[in-house]
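Analysis of the macromolecular model
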Amino acid sequence: MNLLKNLVFVMFIVLLAGCGEEAGVSSSPTPKEGEKITIGFIVKQPEEPWFQMEHRFAREASKEHGFELMELAGTDSEKVLSLIDNLGVKGAKGLLICTPDVKLGPAIMSRAEKYGLKVIAVDDRFIGNDGKFMENVHYLGIAGKEIGKDVGAELYKEMQKRGWDVKDTGVAMITFHELDTAKDRTDGAAEALIAAGFPKEQIYLAPQKTSDIKGSLEATDILLVQKPGVKHWLVAGMNDSAVLGAIRSMEARGFSPKDVCGIGINGTDCIGELEKREATGFYGSMLLQAKKHGYDTATMMYRWIKEGVEPPLDTRTRGILITRDNFREILREQGFEGI
Ligand code: GLA
């Protein structure tokens, strides 16, 4: 009987040990001397130049510091979770991520914890099960409200410079309220326009179903049918793609570039547009600091793993206006050579 008890006890211990191993719980979060550090960087829209830039700058950090960087595309929730599993199996120590769905935050964190991965959310902040931001998760994103306000103020100035009559002018505000950073940006743009004296009731919202050029083009098509009386359009949105889609829709409806003025955000996804021989309605963009979002986040993660230096919980970056006149010079100054 005693023997049987002992046997059951031993089996229980073996099973427990097995479970620990299966869960991949990392027993030593700090790497051993000489051990190669692996960091994964998952982005939600790998086709957007913005995310290619983040990867590119993170790659620079990996070369400089000598860690392995896995540049990954997590276009949906299922993919993200399986990529985290792969990182865990590979023994990675850190995860940088712009998630395709902010509500996946709690699932990402529990999966990452299982493998002992440190996490920095980049661009899009996680939302917890209570609907609030997960403020205990390290985050680096943009100062969305302020950058949006800069867009609104510049649009107002351009309207005045062009001598457009306010009563014939409308704002096409391409919105994506599902994402907080997007809502901050378009709310900021509207606030600044109103503060400058633009009539609130002439700011028309065009909600995007998807946050890409096609989503914005379709949203703007609907708006233009609803507002046939507008002669001049100012355009704002969450990023370059949002504004580019609206510009394409307006071109298709016969608006001259002289009657359209759009300002995007990112500055990385509109280079081809600014390089066009003839000016389009895409006037400019708030160039964001992709280097901070890629190089700095990767370096922060590396130091956190290697030296135990915890990054700040919440970091926000700003933008600078680029237009056809100055974009080459500013891109160069900001470290974007070769794009
Ligand atoms: C979001 C947008 C991107 C970019 C980043 C900047 O993730 O989808 O296009 O603007 O924010 O943080």
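Definitions and limits used
- For every chain, the first residue of its written sequence is number 1, and the numbers climb from 1 along that sequence.
- Given that this is a predicted model, residues contribute local features only at a pLDDT of at least 70 and side-chain atom pairs are listed and counted only at 80 or more, while totals for whole chains, interfaces and linings are drawn from all residues.
- Hydrogens and waters are ignored; side-chain quantities use all the structure's heavy atoms.
- A 1.4 Å probe that fits into a set of points on a 1 Å grid over the protein atoms alone but cannot get out defines a cavity; an open set with protein on both sides within 12 Å along at least five of seven lines defines a pocket, and lining residues are those with an atom within 4 Å of a point.
- Grid points are joined across faces, edges and corners, and a volume is the space filled by probe spheres set on the points.
- Charged residues are taken to be Asp, Glu, Lys and Arg, nonpolar residues to be Ala, Val, Leu, Ile, Met, Phe, Trp, Tyr, Cys and Pro, and polar residues to be all remaining types, Gly included.
- Each helix is a run of DSSP H or I of at least 4 residues and each strand a run of E of at least 2, with the numbering of both proceeding from the N terminus.
- Think of a nonpolar core as a cluster: buried Ala, Val, Leu, Ile, Met, Phe, Trp, Tyr and Cys residues, connected wherever their side-chain atoms sit within 4.5 Å.
- Each residue gets one of three labels from its accessible area relative to the maximum for its type: buried under 20%, exposed over 50%, partly exposed in between, using a 1.4 Å probe on protein chains only.
- For Phe, Tyr and Trp, rings pair up if their centres lie within 6.5 Å, where Trp contributes its six-membered ring, and each pair is then called stacked (planes under 30 degrees apart), edge-to-face (over 60) or tilted (otherwise).
- Both a distance and an angle decide whether a charge sits over a ring: NZ of Lys or CZ of Arg must be within 6 Å of the ring centre and within 35 degrees of the ring normal.
- Confidence per residue, as judged by the predictor, is encoded in pLDDT with a range of 0 to 100.
- Here, residues are in contact when the closest pair of their heavy atoms is within 4.5 Å.
- Summary of the distance rule: residues count as near a molecule or strand when at least one heavy atom falls within 4 Å of that molecule or strand.
- Polar contact criterion, stated in full: a pair of N or O atoms within 3.5 Å, where within protein one must be able to donate a hydrogen and the other to accept it, and residues adjacent in sequence count only if both atoms are side-chain atoms.
- Here, Shrake-Rupley sampling with a 1.4 Å probe gives the accessible areas, and only protein chains in the shown set may cover a residue.
- A pair of strands counts as paired when DSSP detects no fewer than two bridges linking them.
- To define axes, lines are fitted to C-alpha atoms, for helices over the stretch in contact only, and angles between the resulting N-to-C directions are given on a 0 to 180 degree scale.

**Considering empty space enclosed by the protein**
Counted under the stated rule, the structure contains two cavities of 30 Å³ or more. Here the largest cavity is characterised by a volume of approximately 120 Å³. Partitioned by chemical class, the residues of the lining of the largest cavity number five nonpolar, four polar and five charged. As for the second largest cavity, its lining consists of Ile 247, Met 250, Glu 251, Phe 255, Ser 256, Pro 257, Val 260 and Gly 281. Per element, the largest residue contribution to the lining of the second largest cavity is three residues, and it comes from helix H8 (residues 240-252). Looking at the lining of the second largest cavity, its residues break down into five nonpolar, two polar and one charged.

**Considering the nonpolar core**
Among the nonpolar cores identified, the biggest contains 81 residues, and Leu 193, Trp 233, Leu 234 and Val 235 are the most heavily contacted of them. No other element matches helix H10 (residues 290-307), which puts eight residues into this core. Within the second largest apolar cluster, 21 residues are counted, among which are Leu 72, Tyr 115, Phe 126 and Tyr 139.

**Description of the packing of aromatic side chains**
Two descriptors summarise a pair of aromatic rings, namely the distance from one centre to the other and the angle between the planes of the rings. Using the criterion set out here, one finds three aromatic pairs in the structure. Residues Phe 57 and Phe 336 carry aromatic rings whose centres are separated by 5.6 Å and whose planes lie at 85° to one another, so their mutual orientation is edge-to-face. With Phe 57 in helix H2 (residues 49-65) and Phe 336 in the segment after helix H11 (327-333), this residue pair connects regions lying 279 residues apart in the sequence. Residue classification places Phe 57 among the buried residues on the basis of a relative accessible area of 0%. With relative accessibility at 3%, the residue Phe 336 sits in the buried group. One cation-aromatic arrangement involves Arg 125 over Phe 133; the distance from NZ or CZ to the ring centre is 5.1 Å. Of note, Lys 291 hangs over the ring of Tyr 295, and the distance from its end group to the ring centre comes to 5.3 Å.

**Brief notes about unusual backbone geometry**
Excluding glycine, residues mostly carry a negative phi; peptide bonds, for their part, are mostly trans. Phi at Asp 123 takes a positive value of approximately 75°, unusual for a residue other than glycine. When you line up the elements, Asp 123 lands in the loop between strand S4 (118-122) and strand S5 (138-142).

**Topic: the confidence of the model for the chain**
For the chain, per-residue confidence averages 92 on the pLDDT scale, and 90% of positions sit at 70 or higher. Overall, residues 7-28 carries pLDDT values under 50, and its contacts beyond four positions in sequence, including any with other chains, amount to nine contacts.

**What to know about the site of the ligand**
Taken together, 14 residues lie around the ligand, and Glu 48, Asp 123, Asp 124, Arg 185 and Asn 266 are the ones closest in. Within the side chain of Arg 185, one N or O atom sits 2.8 Å away from an oxygen atom of the ligand. Between the ligand and the protein, one listed contact pairs an oxygen atom with a side-chain N or O atom of Asn 239 at 3.0 Å. Against a free-state accessible area of 310 Å², the protein chains account for coverage of 100% of the ligand.

**What to know about the layout of surface pockets**
Here the largest pocket defines a volume of roughly 230 Å³. In terms of lining, the largest pocket is formed by Lys 44, Gln 45, Thr 99, Pro 100, Asp 101, Val 102, Lys 103, Asp 124, Phe 176, Glu 178, Leu 179 and Ser 211.

**Considering the sheet that holds strand S1 (residues 38-43)**
An order of S2-S1-S3-S4-S5-S11 is seen for the six strands of this open sheet, with the pairing classed as parallel. Here the strands that pair on one side only, and so sit at the sheet edges, are strand S2 (68-73) and strand S11 (314-317). Direction aside, neighbouring strands of the sheet carry axes that sit 15° apart on average. Sheet topology places S1 next to S2; six bridges connect them, and they run parallel. Paired with Ile 42 across the bridge in S2 is Leu 72. Packed onto the sheet, H2 meets S1, S2 and S4 and runs at close to 170° relative to S2.

**Focus: the side chain of Thr 99**
Position of Thr 99 relative to the elements: it lies in the loop between strand S3 (94-97) and helix H4 (105-114). Within the structure, Thr 99 has its side chain in polar contact with the backbone oxygen of Asp 101 (distance 2.8 Å). With near-sequence residues (within four places) excluded, Thr 99 lies in contact with Lys 44, Leu 104, Ile 108, Asp 124 and Phe 126.

**Some points on the environment of Thr 169**
Inspection of the secondary structure assignment puts Thr 169 in strand S6 (residues 169-175). Placed 29 residues apart in sequence, Thr 169 and Phe 198 show a C-alpha to C-alpha distance of 9.4 Å. Not counting residues within four places of it along the chain, the set of residues in contact with Thr 169 comprises Met 159, Trp 164, Phe 198, Gln 202, Val 230, His 232 and Leu 234. In terms of polar contacts, Thr 169 uses its side chain to reach the backbone carbonyl oxygen of Asp 165, at 2.8 Å.

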